[in-house]
Amino acid sequence: MKIFETKQALQDFIDEHRSKNDLIGFVPTMGALHEGHLSLIEKSKEQSAVTVCSIFINPTQFNDPKDFEKYPKTINEDLQKLELAGCEAVFLPSVSEMYPEGMHQLPHCPLGRLEELWEGAHRPGHFQGVCVIVHRLLEAVRPDLLFMGSKDFQQVAVIRQLLAQYSFKPTIELISCETVREASGLAMSSRNVRLSSEQKIQALAIYHGFDTIQKAIKEQITCSTKELERQFAQQLLDAGFESVDYIAFADPKSLEPIIDLSQTFVVLVAAFIGGVRLIDNQLFSHELFKRV
């Protein structure tokens, strides 16, 4: 496994493999790697000749400086995991490498409603920071395939829009992979390391909330989305969550709120427990309705 700290060194490596017509897969991360990240590496290795993983904690996507300071940093462990996973290359840039001109007056990506809804409303400027760094990483790596986890459902939608707005060469295919969960059902997240054993059990209320919605649909319980959102939020608070940013029933493509549960929809959740903000989602597809 090769480690690169500059874009030029990485691009020399990429160019060498491009000359052999090797397919390049890319997994961008902020480190604190877990099985969810490693599953993306595995997917990339299945479909690419060369897999590149980046580790960069991007300061411009944190609207809360304290959250940035507390974000777990486990670089030595991360590199060991990537080596064992068979990752061919790791990009470990510094802040000055990715932001040589500083972090003021950064380019703006037109995202429309996507950055006004849900995560966008609760984390102003977050998706602009995501777009800036992902754009720069993609220019550095120049992959054929981009692998992202669907736990960050809205972020995947944002990056899909980014790819549609800019002409990357080669053309980049975004592959969204299923959320990886612990045996308990808790979605794997780098932030989980900040939870106590008790809080991890309490956090399962999110997963159980999805089960409650599925049960309501299967049993044809008549309930509005607003009522289901209220019940879900109360379940989280009763379980020990301090606060709930949102429970949202949304269209999977536009992420606009929906009220018709006979269509495919996604339920998006963001809530705080132990001072840690957890996000999760569950897609409810037509296949479920066919079984009702």
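Reading guide: rules and limits
- Residues numbered from 1 in each chain as written.
- Predicted model: local features only at pLDDT ≥ 70, side-chain atom pairs only at ≥ 80, totals over all residues.
- Heavy atoms only, no water.
- Helix = DSSP H or I, 4+ residues; strand = E, 2+ residues; numbered from the N terminus.
- Rg over C-alpha atoms; globule rule 2.2 N^0.38 Å.
- Buried < 20%, exposed > 50% of the residue type's maximum accessible area, 1.4 Å probe, protein only.
- Lys, Arg positive; Asp, Glu negative; His and termini not counted.
- Charge placed at Lys NZ, Arg CZ, Asp CG, Glu CD.
- Domains from an automatic or database assignment.
- Contact = heavy atoms within 4.5 Å.
- Buried area = accessible area lost by both parts, 1.4 Å probe.
- Salt bridge = Lys/Arg side-chain N within 4 Å of Asp/Glu carboxyl O.
- Polar contact = N/O pair within 3.5 Å; in protein donor to acceptor, adjacent residues only side chain to side chain.
- Nonpolar A, V, L, I, M, F, W, Y, C, P; charged D, E, K, R; others polar.
- Pairing = 2+ DSSP bridges.
- Axes fitted to C-alpha atoms, helices over the stretch in contact; angles between N-to-C directions.
- Parallel < 35°, antiparallel > 145°, perpendicular 65-115°, else oblique.
- UniProt positions renumbered as here; feature names shortened; annotations may be inferred.
- Core = buried A, V, L, I, M, F, W, Y, C linked by side-chain atoms within 4.5 Å.

Looking now at the overall build of the protein chain. The number of helices and strands found in the protein chain is 12 helices and 9 strands. A compact globule built from 292 residues would reach a C-alpha radius of gyration of about 19 Å, and the protein chain, at 20 Å, matches this within 12%. In terms of overall dimensions, the protein chain has C-alpha extents of about 60 × 40 × 40 Å along its principal axes. For the protein chain, buried positions account for 51% of its 292 residues. Each charge class in the protein chain was averaged separately, 29 positive and 39 negative side chains, and the resulting centres sit 1 Å apart.

The next point concerns the domain arrangement of the protein chain. Splitting the protein chain by domain gives domain 1 (2–177) and domain 2 (192–289). On a C-alpha basis, the centroid separation for the pair domain 1 and domain 2 is 27 Å. With 16 residues of domain 1 in contact, the opposing surface of domain 2 contributes 17 residues. For the pairing of domain 1 and domain 2, the buried interface totals around 1,500 Å² over both sides, and the portion due to carbon and sulfur atoms is 61%. The largest share of the area that domain 1 buries against domain 2 comes from Trp-118, His-122 and Phe-153, three residues that together contribute 44% of it. Linking domain 1 with domain 2 are 3 salt bridges, by the criterion used here. With a shortest N-O distance of 2.7 Å, Glu-119 and Arg-277 are connected by a salt bridge. Viewed at the interface, domain 2 and domain 1 are joined by 7 residue pairs in polar contact (both at pLDDT 80 or more). Looking at the side of domain 1 that touches domain 2, the elements with two or more residues in it are helix H3 (65–70), helix H6 (119–122) and helix H8 (153–165). Residue contributions to the side of domain 1 that touches domain 2 peak at 3 residues, all from H8. Of the residues in the side of domain 1 that touches domain 2, the class split is 6 nonpolar, 3 polar and 7 charged.

Where strands meet in a sheet, backbone hydrogen bonds hold them as pairs that are either parallel or antiparallel. As summarised here, the arrangement of the 3 strands in space is E7-E8-E9, forming an open sheet in which the pairing is antiparallel. The open sheet has two edge strands, strand E7 (243–250) and strand E9 (276–284), and neither has a second partner. Geometrically, the sheet is characterised by an average inter-axis angle of 10 degrees between neighbouring strands, direction not taken into account. Bridging between E7 and strand E8 (residues 265–273) involves 7 bridges; their strand directions are antiparallel. Its bridge partner lying in E8, Tyr-246 is registered against Ala-270. Sitting on the sheet, helix H11 (residues 225–239) touches E7 and E8, and the angle it makes with E7 is about 150 degrees.

Before going further, it helps to spend a moment on the pattern of salt bridges. For the structure shown, the criterion picks out 14 salt bridges. We note a salt bridge from Arg-191 to Asp-67, for which the minimum N-O separation is 2.7 Å. With a gap of 124 residues between them, Arg-191 in the loop between strand E6 (173–177) and helix H9 (197–202) and Asp-67 in helix H3 connect regions that are remote in the sequence. What emerges from the salt-bridge pattern is a single network uniting Glu-119, Arg-123, Asp-245 and Arg-277.

Our focus in this paragraph is the environment of Met-30. For Met-30, the position within the fold is in the loop between strand E2 (24–29) and helix H2 (35–47). Those residues within four positions of Met-30 in sequence are excluded, and the remaining contacts are Ile-55, Phe-56, Ile-57, Asn-58, Gln-61, Phe-62 and Tyr-71.

On to the packing of helix H1 (residues 7–18) against helix H7 (residues 126–141), then. It is at 8 Å that the axes of H1 and H7 come closest, and there the two elements cross at 45 degrees. Here H1 is positioned oblique relative to H7, judged by the angle of their axes. Judged by residue contacts, Lys-7, Leu-10, Gln-11 and Ile-14 of H1 engage Glu-139, Ala-140 and Val-141 from H7. Taken together, the residues that form the contact of H1 with H7 break down as 4 nonpolar, 1 polar and 2 charged.

Attention shifts here to the UniProt feature "binding site: (R)-pantoate" (unreviewed entry) in the protein chain. Here the UniProt feature "binding site: (R)-pantoate" (unreviewed entry) sits at Gln-61 and Gln-155. Across 95 residues of sequence, these annotated residues stay compact in space, with a maximum C-alpha separation of 11.4 Å. Tracing the backbone shows Gln-61 in the loop between strand E3 (50–55) and H3. Within the structure, the side chain of Gln-61 is placed 3.0 Å from the side chain of Asn-58, a separation counted as a polar contact. Topologically, Gln-155 is positioned in helix H8. Among all residues touching Gln-155, those that are not within four sequence positions of it are His-126, Phe-127, Val-130 and Met-148.

Core analysis: the largest hydrophobic core is formed by 48 residues, its most contacted members being Val-52, Leu-146, Ile-159, Leu-255 and Leu-268. Ranked by the residues each element gives to this core, the list is headed by H7, at 10 residues. Counting residues domain by domain, this core receives three or more from each of domain 1 (2–177) and domain 2 (192–289). In this view, Leu-146 contacts Phe-26, Pro-28, Leu-138, Ile-159, Leu-163, Ile-172, Glu-173, Leu-174 and Ile-175; residues no more than four positions away in its chain are not counted.

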